[in-house]
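Notes for the structure review
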Amino acid sequence: VTKDDVLLVTHDLYINTALCTNIEGGTIKPETAIRSLSLKQTQQFDCGSLKQERFPKQKQIAKLTMPTLREVFDWINKSKLAHAKTVRFNIEMKSWPARAHLTPDPAAYAKLVLDLVKEFGLAQRVLLQSFDHRTLAAARKINPTIPISPLIEGTYLDFVAIAQGLKAEYVSLDQNFVTAEAVTALKKSGVKVAVWTANEEKDWDYL
């Protein structure tokens with residue numbers, strides 16, 4: 001979320017120096033917090049030109065800026081592709097209580113997201129997830145029917161209790177801490193399981 005409360009679609013709380021340069025192609029200052037910048041300032045970064053060795057098929061696009069969530073919704077809304085009418089959105093609200101200065105407070109954050117979802121009429125096609133479960137609880141106060149999924153990284157936790165405490169339809173578990181027992185217990189309690197991030201075929205087979 002930018003300084004002027006615009007929702008950006010990006011993985012990081014900071015401008016990622018491995019992915020972005022300034023608009024002229026020069027290096028940028030490390031740990032530049034997105035929350036410290038206005039939307040206009042974030043558009044001064046080029047996040048499409050740098051070649052990424054991990055993604056040899058990447059299509060490089062010069063002067064590509066980070067999209068806003070509004071732009072993504074608008075793009076889907078205007079798309080002529082058939083699947084654009086049914087595609088679902090898994091939206092992670094990036095937030096950590098220990099770094100509260102980098103995001104809005106949970107209630108304000110949830111309102112920003114849900115106001116936009118409501119504006120575009122996408123509530124039936126959205127799943128909200130977050131490591132900061134306060135944002136999910138706040139979202140539920142605004143819209144009691146919006147599907148939520150707490151992100152959980154760790155073991156020796158009562159996943160069922162976490163899900164039931166939030167009245168969550170899903171839990172999103174780190175693949176390294178998934179057990180057959182946990183999946184069975186969650187399914188038995190009526191909670192669906194979404195696992196992240198399985199990139200290798202052996203991991204798919206295990207899961």
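As the structure is a computational prediction, the values presented were derived from the model and not from experiment.

Scoring rules and cut-offs
Residues numbered from 1 in each chain as written. Predicted model: local features only at pLDDT ≥ 70, side-chain atom pairs only at ≥ 80, totals over all residues. Heavy atoms only, no water. 1 Å grid on protein atoms, 1.4 Å probe; cavity = no way out; pocket = protein on both sides within 12 Å on 5 of 7 lines; lining within 4 Å. Points joined across faces, edges and corners; volume = space filled by probe spheres on them. Helix = DSSP H or I, 4+ residues; strand = E, 2+ residues; numbered from the N terminus. Nonpolar A, V, L, I, M, F, W, Y, C, P; charged D, E, K, R; others polar. Disulfide = S-S within 2.5 Å. Pairing = 2+ DSSP bridges. Axes fitted to C-alpha atoms, helices over the stretch in contact; angles between N-to-C directions. Core = buried A, V, L, I, M, F, W, Y, C linked by side-chain atoms within 4.5 Å. Buried < 20%, exposed > 50% of the residue type's maximum accessible area, 1.4 Å probe, protein only. Contact = heavy atoms within 4.5 Å. Polar contact = N/O pair within 3.5 Å; in protein donor to acceptor, adjacent residues only side chain to side chain.

Brief notes about the layout of surface pockets
Estimates place the volume of the largest pocket at around 850 Å³. Contributing to the lining of the largest pocket are 38 residues, with Leu8, Val9, Thr10, His11 and Asp12 lying nearest its centre. Where the lining of the largest pocket is concerned, the elements lending two or more residues are helix H2 (69-78), strand E3 (89-92) and helix H3 (106-119). When residues in the lining of the largest pocket are grouped by element, the largest group, 4 residues, is from E3. Of the pockets and cavities examined, the second largest pocket occupies roughly 210 Å³. In terms of lining, the second largest pocket is formed by His11, Asp12, Leu13, Tyr14, Glu92, Lys94, Trp96, Arg99, Gln129, Phe131, Leu151 and Trp196. Grouping the amino acids of the lining of the second largest pocket by side-chain chemistry returns 6 nonpolar, 2 polar and 4 charged.

Points about the state of the cysteines
Among covalent bonds in proteins, the disulfide is the one between the sulfur atoms of two cysteines. What the rule picks out here adds up to 1 disulfide. The disulfide that involves Cys20 links it to Cys47, with 2.1 Å between the sulfurs. Between Cys20 and Cys47 the sulfur-sulfur dihedral comes to about 110 degrees; the bridge is accordingly right-handed. Of this pair, Cys20 sits in the segment before strand E1 (21-22) while Cys47 sits in the loop between strand E2 (45-46) and H2, and the two are 27 residues apart along the sequence.

Some details on the sheet that holds strand E4 (residues 126-130)
One open sheet accounts for 5 strands, arranged E3-E4-E5-E6-E7; its pairing is parallel. Two strands close off the open sheet at either side, each with one partner strand: E3 and strand E7 (192-196). For this sheet, the mean inter-axis angle between neighbouring strands, taken without regard to orientation, is 25 degrees. Of the strand pairs in this sheet, strand E6 (residues 170-174) and E7 are connected by 5 bridges, and their pairing is parallel. Bridge assignment links Leu173 to a residue of E7, and that residue is Val195.

With respect to the nonpolar core
Phe73, Val126 and Leu128 are the most contacted members of the largest nonpolar core, which totals 26 residues. Those elements giving two or more residues to this core turn out to be H2, E3, H3, E4 and helix H4 (133-142). A total of 6 residues in this core trace back to one element, the largest contributor, which is H3. Leave out the neighbours within four places in its chain, and Val126 touches Arg88, Phe89, Ile91, Val117, Ile146 and Pro147. Counting 10 residues, the second-largest nonpolar core is a separate cluster that includes Ile152, Phe159, Val160 and Val191.

Regarding the side chain of Ser130
Topologically, Ser130 is positioned in strand E4. The buried category is assigned to Ser130, whose relative accessible area is 0%. One polar contact links the side chain of Ser130 to the main-chain carbonyl oxygen of Met93, over a distance of 2.8 Å. There is a polar contact of 3.2 Å between the side chain of Ser130 and the side chain of Thr135.

Quick word on unusual backbone geometry
The omega torsion across Trp196 and Thr197 is -20 degrees, close enough to zero to call that bond cis. Of note, Thr197 is situated in the loop between E7 and helix H7 (201-206). Its identity is not glycine, yet Asp5 carries a phi of approximately 60 degrees, on the positive side. Given the relative accessible area of 38%, Asp5 is considered partly exposed. Residue Glu31 is not a glycine yet carries a positive backbone phi of 55 degrees. Relative to the helices and strands, Glu31 resides in the loop between E1 and helix H1 (39-42).

Read these as spatial facts, not as claims about activity.
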